[in-house]
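What the coordinates show
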Amino acid sequence: MTTKTKKGVETLPLNTVLGGDCIEVMNGLPEGSVDLIFADPPYNLQLRGDLHRPDNSQVDAVDDAWDQFASFEVYDRFTRDWLKAARRLLKPNGAIWVIGSYHNIFRVGAALQDAGFWILNDVVWRKSNPMPNFRGKRLTNAHETLIWASRDEAAKYTFNYEALKSLNEGIQMRSDWVLPICTGHERLKDEHGDKAHPTQKPESLLHRVLLGTTNPGDVVLDPFFGTGTTGAVARMLGREFIGIEREAAYRKVAEKRLASVRKYDRAALEVSTSKRAEPRVPFGQLIERGMLRPGEELLSMNGRHKAKLRADGTLVGDDVKGSIHQVGAALEGAPSCNGWTYWCIKRDGKPVSIDVFRQQIRAEMAERAN
């Protein structure tokens, strides 16, 4: 499962689908090597007999052996074992997502907390096109629940808040997600034309999870890989993946699927970030770099005020002196001011925001980092 370099250092089997029992395979991978785990474990649906539609046609329900457990005690033991193996693999600032239905998610949630994970959110995936309740004896089951948890309470987990906000048309992303189930062209079929997997998850769900809680280059592990939705979306988004799948038929479908997936280009993988996340650039650095020169006059973007630049990066204007922020606030009679967007300078007769120079430095910093 792992390979070793000439120096004996273990390396991860990235972008591969591993066969075998997920607990045994996870225990064979290097400790603290994974950034995120997305787990879609057996739901233990406890089905009793065949399910039929009103026209008496049979529903292709989940009745596979991998979803059947002798008792809740057996299922709980299985859950504790795979969660223990998963937590060992996570980096200190890693996190996990687990998806389930009412049959299992509450038991999994308790096991997560008992194992030391710190729950961050539960997310309700509300299906826009759920399967109807054919027997008419219960409410239509129109949602599943995801639990997002960090490895530890103090973990500095990844959360791309601005990216998810942008995905949601500038509004904070909520914990109820309305997305369709996997149907139509996205639904994978086997060689007989039947559904390749009864619980294939839609790529839209994984796109939201991975965009919001991982970064390009992160390693994402899926211990219940199925037909490879996690791997497909990870590859498109420039993440590395490791899949574990016990069933050979599912591995075959997943590998065929992954062979046709291509990563988005580098520019497309960039996402919105908060201003706080961007590297800090002191205003004085613009002077040190010769982008601005002492004695030059800065103008307010609204054209009402001006101030002279000093060698130490402070400004003087109308009997007030201080930083670009302090002088801007004083001149406007405001409690605060973002000097970067308030001040500009004339270049070739046209006003240029001083923030343009800051962004130029940030771009150079990013280029050096890559």
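These figures come from a predicted structure and were not determined experimentally.

Let's shift gears to helix α6 (residues 229-236). Counting buried positions along α6 gives 7 out of 8 residues, so the element sits mostly inside the fold. Among the residues of α6, those classed as buried are T229, T230, G231, A232, V233, A234 and M236. The secondary structure elements touched by the buried residues of α6 are β4 (34-39), α5 (203-213), β9 (219-222), β10 (240-245), α7 (248-259) and α8 (266-269). G238, located one to two residues past α6, shows a positive phi value of around 75 degrees.

Looking at the element boundaries, I37 is found in strand β4. A residue is classified by how much of its surface remains accessible, and I37, at 0% relative accessible area, is buried. It is 8.6 Å that separates the C-alpha atoms of I37 and V219, two residues lying 182 residues apart in sequence. Apart from residues no more than four positions distant in its own chain, I37 is found in contact with A86, L90, A95, I96, W97, L221 and P223.

With 89% of its residues at a pLDDT of at least 70, the protein chain reaches an overall mean of 88. Across residues 48-54 the pLDDT falls below 50, and counting only partners more than four positions away or on other chains, this stretch makes 16 contacts in the model.

What follows is about the pairing of strand β5 (residues 90-100). Of all 11 residues in β5, 8 are buried, a share of seventy percent or more. Across 5 bridges, β4 lies against β5 in parallel orientation. Opposite L36, over in β5, you have A95 as the bridge partner. Across 6 bridges, the pairing between β5 and strand β7 (residues 143-150) is antiparallel. What sits directly across from A95, in β7, is S150.

Rules used throughout
- Residues numbered from 1 in each chain as written.
- Predicted model: local features only at pLDDT ≥ 70, side-chain atom pairs only at ≥ 80, totals over all residues.
- Heavy atoms only, no water.
- Buried < 20%, exposed > 50% of the residue type's maximum accessible area, 1.4 Å probe, protein only.
- Helix = DSSP H or I, 4+ residues; strand = E, 2+ residues; numbered from the N terminus.
- Contact = heavy atoms within 4.5 Å.
- pLDDT = per-residue confidence, 0-100.
- Pairing = 2+ DSSP bridges.

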